[in-house]
Amino acid sequence: ARHKGILPFLVSYCLSPSDGIDFKEGEESEKKDGDDNVGLFRTGAALPALVLLCHLARQSRDIAELEMPFQTIVPDLQAILCVGAETNEESGIQTWSLVLLRILMRYGLAIEHVQSLINIAAPRVELMR
């Protein structure tokens, strides 16, 4: 988790918005009108990245306090939560985003974003019941 290059690269790649290209079975396929296979985020990459970040943050407050990736991904998590989930994969990404935000807030991190996160996350938390 303290590697200076690998984890920040993985996080920035996996949580960055999709460019509209879906890579399936080694082929590139452009998103066509009406094709919902490619969402706003790369669900195949974002979900494992969020699970990894949750496990790393849970292990130690020292790791969770690292500026990169944990302090810099809050805007990405806000963007993920602002988008309506249309598939089960997108719902999973939103769930793990909420878990990661909960861990960071438990450590007293991301406090400056609490008000906006409450407004964004409240509808998703209600759906998780």
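Right above here is the structure, for reference.
Below is a summary of the structure that appears in this document.

1. Some details on the packing of aromatic side chains
The geometry of an aromatic ring pair comes down to the distance between the two centres and the angle between the two planes. Within the structure shown, the criterion is met by 1 aromatic pair. Centroid distance Phe-9 to Tyr-13: 6.3 Å. Interplanar angle 15°. Geometry classified as stacked. Here the residue Phe-9 and the residue Tyr-13 both occupy positions in helix 1 (residues 6-14), the gap between them amounting to 4 residues, near one helical turn. Owing to a relative accessible area of 39%, Tyr-13 belongs among the partly exposed residues under this scheme.

2. What to know about the nonpolar core
Formed by 31 residues in total, the largest nonpolar core has its most connected members in Leu-15, Leu-53, Phe-70, Ile-73 and Leu-100. Elements with a minimum of two residues in this core: helix 1, helix 2 (43-59), helix 3 (61-64), helix 5 (74-82), helix 6 (88-106) and helix 7 (114-127). In this structure Leu-53 touches Leu-7, Val-11, Leu-15, Pro-69, Phe-70, Ile-73 and Leu-100, once residues within four positions along its chain are discounted.

3. Here we look at the pattern of salt bridges
When charged atoms on two side chains of opposite charge get close, those side chains can pair. In total, this model carries 1 salt bridge according to the counting rule given. With a shortest N-O distance of 2.7 Å, Glu-65 and Arg-61 are connected by a salt bridge. On the accessibility criterion, Glu-65 (37% relative accessible area) is partly exposed. Take Arg-61: its relative accessible area is 40%, and that puts it in the partly exposed class.

4. Quick notes on helix 1
Turning to helix 1, its buried residues are Leu-7, Pro-8, Val-11 and Cys-14. Along the long axis of helix 1, the arc covered by the buried residues comes to 150°, so they all point the same way. Next to the buried residues of helix 1 lie helix 2 and helix 4 (67-71).

5. Re the packing of helix 2 against helix 6
Each pair of packed helices can be described by the angle between their axes along with the distance between the axes. Contact pair helix 2 / helix 6: the axes reach a minimum separation of 9 Å and the direction vectors enclose 20°. Considering the angle they form, helix 2 stands roughly parallel to helix 6. Of the two possible hands of crossing, helix 2 and helix 6 adopt the one that is left-handed. Residues Thr-43, Ala-46, Leu-47, Leu-50, Val-51, Leu-53, Cys-54, Ala-57 and Arg-58 of helix 2 touch helix 6, and the partners they reach there are Glu-89, Glu-90, Gly-92, Ile-93, Trp-96, Ser-97, Val-99, Leu-100, Ile-103 and Arg-106.

6. Considerations on the packing of helix 5 against helix 6
Relative to each other, helix 5 and helix 6 sit at 140°, their axes nearing to 9 Å. Between helix 5 and helix 6, the crossing angle belongs to the class labelled oblique. In this structure, helix 5 crosses over helix 6, and the sense of that crossing is left-handed. Residues Leu-77, Ile-80 and Leu-81 of helix 5 form the contact with helix 6, whose participating residues are Ile-93, Gln-94, Ser-97, Leu-98, Leu-100 and Leu-101.

How each quantity is defined
Residues numbered from 1 in each chain as written. Predicted model: local features only at pLDDT ≥ 70, side-chain atom pairs only at ≥ 80, totals over all residues. Heavy atoms only, no water. Phe/Tyr/Trp six-rings, centres within 6.5 Å; stacked < 30°, edge-to-face > 60°. Helix = DSSP H or I, 4+ residues; strand = E, 2+ residues; numbered from the N terminus. Buried < 20%, exposed > 50% of the residue type's maximum accessible area, 1.4 Å probe, protein only. Core = buried A, V, L, I, M, F, W, Y, C linked by side-chain atoms within 4.5 Å. Contact = heavy atoms within 4.5 Å. Salt bridge = Lys/Arg side-chain N within 4 Å of Asp/Glu carboxyl O. Arc of directions from axis to C-beta. Axes fitted to C-alpha atoms, helices over the stretch in contact; angles between N-to-C directions. Parallel < 35°, antiparallel > 145°, perpendicular 65-115°, else oblique. Left-handed = near helix turned anticlockwise from the far one by under 90°.

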